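An overview of the molecular structure
Single-letter residue listing:
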Amino acid sequence: MEATSPAGSARPQPHAQGAAGESASLLLRIKGKLFTWNILKTIALGQMLSLCICGTAITSQYLAERYKVNTPMLQSFINYCLLFLIYTVMLAFQSGSDNLLNILKKKWWKYILLGLADVEANYLIVRAYQYTTLTSVQLLDCFGIPVLMALSWFILYARYRVIHFIAVAVCLLGVGTMVGADILAGREDNSGSDVLIGDILVLLGASLYAVSNVCEEYIVKKLSRQEFLGMVGLFGTIISGIQLLIVEYKDIASIHWDWKIALLFVAFALCMFCLYSFMPLVIKVTSATSVNLGILTADLYSLFFGLFLFGYKSRLKAACHQLPALESTTWD
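Each residue is numbered by its place in its chain's sequence as written, counting from 1. Per-residue local features are limited, in this predicted model, to residues with pLDDT of at least 70; the limit for side-chain atom pairs, both in listing and counting, is 80 or more; totals at the level of whole chains, interfaces and linings are taken over all residues. Side-chain descriptors were evaluated using all non-hydrogen atoms of the structure, hydrogens and water having been removed beforehand.

Some points on the state of the cysteines
Working definition: a disulfide is two cysteine sulfur atoms within 2.5 Å of each other. Throughout the structure, instances matching the rule amount to 0 disulfides. Not part of a disulfide, Cys54 finds its nearest cysteine sulfur in Cys271, a span of 8.7 Å.

Points about empty space enclosed by the protein
Put simply, the grid is 1 Å and covers the protein atoms alone, a cavity is a trapped set of points that fit a 1.4 Å probe, a pocket is an open set with protein on both sides within 12 Å along at least five of seven lines, and lining residues have an atom within 4 Å of a point. Grid points are joined across faces, edges and corners, and a volume is the space filled by probe spheres set on the points. Under the defined criterion, the tally for this structure stands at 1 cavity of 30 Å³ or more. Of the voids in this model, the largest cavity is the one considered here, and its volume is about 540 Å³. Residue lining of the largest cavity: 31 residues in total, with Ile53, Asp141, Tyr209, Leu275 and Ile295 positioned closest to the centre. Elements with a contribution of two residues or more to the lining of the largest cavity: helix 3 (37–65), helix 5 (100–128), helix 7 (144–155), helix 9 (192–222), helix 12 (259–285) and helix 14 (297–309). Top element by residues in the lining of the largest cavity is helix 9. It accounts for 6 residues. Side-chain classes are defined by residue name, with Ala, Val, Leu, Ile, Met, Phe, Trp, Tyr, Cys and Pro counting as nonpolar, Asp, Glu, Lys and Arg as charged, and the others, Gly among them, as polar. When its residues are assigned to classes, the lining of the largest cavity shows 19 nonpolar, 8 polar and 4 charged. Helix and strand definitions follow DSSP, with helices as H or I runs of at least four residues and strands as E runs of at least two, each counted in order from the N terminus.

With respect to helix 12
The end-to-end C-alpha distance of helix 12, which contains 27 residues, comes to 40 Å, matching closely the 39 Å that a straight helix rising 1.5 Å per residue would cover. The distance from a side-chain oxygen at the start of helix 12 to the backbone nitrogen of Lys260 is 3.1 Å, and the residue carrying that oxygen is Asp258. Multiplying one less than the number of residues by 1.5 Å gives the expected span of a helix. Polar contact is the term for a pair of N or O atoms within 3.5 Å; when the atoms are in protein, one must be able to donate a hydrogen and the other to accept it, and sequence-neighboring residues count only if both atoms are side-chain atoms.

Observations concerning the UniProt feature "transmembrane region" (unreviewed entry) in the protein chain
UniProt records the feature "transmembrane region" (unreviewed entry) at residues 43–64, 76–96, 138–156, 162–183, 195–212, 228–247, 259–279 and 291–312, using the numbering of this structure. Helix and strand shares over residues 76–96 are 81% and 0% respectively, and the end C-alpha atoms of the span are 31 Å apart. UniProt positions are given in the numbering used here, feature names are shortened, and annotations may be inferred rather than shown by experiment.

Side note on the side chain of Gln75
Along the polypeptide, Gln75 turns up in helix 4 (residues 72–92). Relative accessible area serves as the criterion here: at 2%, Gln75 is assigned to the buried category. Side-chain polar atoms of Gln75 contact the side chain of Ser60, separated by 3.3 Å. Not counting the four nearest positions on each side in its chain, Gln75 is found in contact with Ser60, Leu63, Val126, Phe265 and Phe268. Classification of residues uses two cut-offs on accessible area relative to the type maximum, computed with a 1.4 Å probe and protein chains only: under 20% is buried, over 50% is exposed, and between them is partly exposed. Two residues form a contact once any of their heavy atoms are found within 4.5 Å.

Now the structure itself:
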């Protein structure tokens, strides 16, 4: 009679093999859905948009902090001129209903409102760098995401799950925490009120960006990318040019131009132009909400650049240093 070998008792059971096979099959299916060419291309384009946003933030902060250049409308005006020269001219040579004149006859007032929202969003965000820091601006502009979701709900009839609303609540909590940290940290150098002004400008600008992004998604998906960029370039140039002459004439005249300042203006305009040109491509295959979630990595890039280029301390660390003083304060 033969003895049973130990190796025979160590063989995996059939149900264990089946479970392992199902797990492997599930992982392969997940991998097949997540690592498709379209998703990888969307992620890559999103990171390119994040780098463009980071580039605009860094150049704006350098102009405001190092060179005391306070001309946010001039910075945006150059970008709108580039859009006008490329995309508006393209519309002028289109035939049929896509022609520039036909679009203006039917929807001119709608594009004026869109151009106004876009111009003022850019103006408020860039203006905020005069009052607060690079990291604060980039972290607070995520406030546009819940605003964008609300607008998409009512205008584009988008629907969300419970987890999305929880994420919005966390986002709003983070915005409140960041504003409070900025105010506390600003007390070190008696700049708390200025920092609060900068934070409010960012929140207003992010809300207007949300309006612009919802309109962009609708136009890109229902009409065309060229129409959106061409009309924004046209009315953005007109509106920003008028506001430039009214608001920033003296500031522009007082700039001591050199090659470094000129290079920063050019870098800002090129980053903005690339951002405007490529964002509709990503929005067309996803949504404005997905794009805004994807470009949150710009906050991380800006944080690193802010720490190394501008020597910022962590806002929360500065706020924590203020807490003992607040606890010892006697309130009347």
